[in-house]
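The chain contents come next:
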Amino acid sequence: MVAVIGDIHGCYFTLLELYDSILSKYPNIKIYSVGDLFDRGKHSSKVVDFIKEKEIEFVPGNHDFMFSHFFEKPASIFAQTWSHNDNQSTLASYADDESKVWQHIKFINEQPLLLNLDDCFITHAGLSSYYKKEVYKNNINIEFISQLIKEEFSYEHGVMWNRDKLLDIGKLQVVGHTPKNEITYDKKTNSLYIDTGAFLGNKLSCAIIENSKWIDEVTVKTIQEDLL
């Protein structure tokens, strides 16, 4: 059994409350995240510090790579789009300790693009049905899928940007990236969307998953201090 948190987007105080709520209900559960720790909300730096402190494993999202590439790879698509994605709130969150910028970049770069757990398969935006022919030709081989994800992550259909219908891989895919009002299960693709728009003032959500089944959820309404 695992807990997977949706896109946090700088909502630090909401994350704190959600984390406590998860452990209150499931004291020994392992917690993961689908990424997008950065941007939108006011406290991106504090969110990353908390994720590190609590050893919450995560897959980077496009906003996390926007942040790291802005400083490391300014010619990349991630860096070029960052100025149009609320980067000012993120930069302001480092104003009191700019040295953390490079610490956090290193931390992001250490994370995997996918987490193939016993209970589910986690990426930021999901494995697209665009790759159906290739994946099925290779008998949904996880090693092949992993390599495909690494080679294609920065492209339109890759796991950072994908908005396509997802691909049924025989294991529950858990993704963020596309905000929904509620955690949403797509039966046809065996996919679970857990970004519930914390940065939009809705809520931050966590899905409880066991053996490829969504069995419960823990949610916290966005705390306004994260946005105002």
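Above this text you will find the structure in question.
First, a word on what this report is: a plain description of the structure on this page. Just so you know, these numbers come straight off a predicted model, no measurement behind them. (Residues numbered from 1 in each chain as written. Predicted model: local features only at pLDDT ≥ 70, side-chain atom pairs only at ≥ 80, totals over all residues. Heavy atoms only, no water.)

## A closer look at the sheet that holds strand S2 (residues 30-33)
The mixed open sheet is built from 5 strands, whose spatial order is S3-S2-S1-S9-S10. Each of the sheet's edge strands pairs with one partner strand only, and the pair in question is strand S3 (57-58) and strand S10 (213-221). As judged from the 4 bridges shared by strand S1 (residues 2-5) and strand S9 (residues 203-210), these two strands associate in the antiparallel manner. Within the sheet, the bridge partner assigned to alanine 3 lies in S9 and is isoleucine 208. (Pairing = 2+ DSSP bridges. Helix = DSSP H or I, 4+ residues; strand = E, 2+ residues; numbered from the N terminus.)

## Observations concerning the pattern of salt bridges
With the rule as written, the count across this model stands at 6 salt bridges. Measuring nitrogen to oxygen at the nearest pair gives 2.5 Å for the salt bridge that ties aspartate 49 to lysine 100. Taken together, the residues aspartate 49 in helix H2 (residues 44-53) and lysine 100 in helix H6 (residues 100-109) connect sequence positions 51 residues apart. Looking at aspartate 49, the relative accessible area reads 23%, which means it is partly exposed. On the accessibility criterion, lysine 100 (22% relative accessible area) is partly exposed. Between lysine 54 and glutamate 53 there is a salt bridge, with the nearest N and O atoms lying 3.6 Å from each other. On the basis of relative accessibility, which here comes to 33%, the residue lysine 54 falls in the partly exposed class. (Salt bridge = Lys/Arg side-chain N within 4 Å of Asp/Glu carboxyl O. Buried < 20%, exposed > 50% of the residue type's maximum accessible area, 1.4 Å probe, protein only.)

## Quick notes on unusual backbone geometry
Excluding glycine, residues mostly carry a negative phi; peptide bonds, for their part, are mostly trans. Non-glycine residue aspartate 39 carries a positive phi angle of around 75°. Among the structural elements, aspartate 39 can be located in the loop between S2 and H2. Taking the relative accessible area as the measure of exposure, aspartate 39 reaches 0% and is therefore buried. Its identity as a non-glycine residue notwithstanding, isoleucine 140 has a phi of 50°, on the positive side. Its relative accessible area of 29% is what places isoleucine 140 among the partly exposed residues.

## Observations regarding the packing of helix H1 (residues 12-25) against H2
Axis separation between H1 and H2 bottoms out at 9 Å; the angle between their running directions is 25°. As the angle between them shows, H1 and H2 are arranged roughly parallel. Of the residues in H2, those in contact with Tyr12, Leu15, Leu16 and Tyr19 of H1 are Lys46, Val47, Phe50 and Ile51. Broken down by class, the residue content of the contact of H1 with H2 amounts to 7 nonpolar, no polar and 1 charged. (Axes fitted to C-alpha atoms, helices over the stretch in contact; angles between N-to-C directions. Parallel < 35°, antiparallel > 145°, perpendicular 65-115°, else oblique. Contact = heavy atoms within 4.5 Å. Nonpolar A, V, L, I, M, F, W, Y, C, P; charged D, E, K, R; others polar.)

## A few points about the packing of aromatic side chains
Note on aromatic pairs: each is described by the distance of the centres and the angle between the planes. For the structure shown, the criterion picks out 17 aromatic pairs. With a centroid separation of 6.4 Å and an interplanar angle of 80°, the aromatic rings of tyrosine 12 and phenylalanine 50 are classed as edge-to-face. On the criterion of sequence distance, the pair formed by tyrosine 12 in helix H1 and phenylalanine 50 in helix H2 is long-range, its members being 38 residues apart. Residue classification places phenylalanine 50 among the buried residues on the basis of a relative accessible area of 6%. The interplanar angle of 80° and the centroid separation of 5.9 Å between the aromatic rings of phenylalanine 67 and tryptophan 82 together place this pair among those described as edge-to-face. Of the two residues, phenylalanine 67 is situated in helix H3 (residues 62-72) and tryptophan 82 in helix H4 (residues 77-82); the sequence distance between them amounts to 15 residues. Taken as a pair, phenylalanine 67 and tryptophan 82 share a single burial class, namely buried. Above the face of the phenylalanine 107 ring, lysine 52 is positioned so that its terminal group lies 5.5 Å from the ring centre. When the ring centre of tyrosine 193 is taken as origin, the NZ or CZ atom of lysine 180, which lies over that ring, is 4.9 Å away. (Phe/Tyr/Trp six-rings, centres within 6.5 Å; stacked < 30°, edge-to-face > 60°. Lys NZ or Arg CZ within 6 Å of the ring centre and 35° of its normal.)

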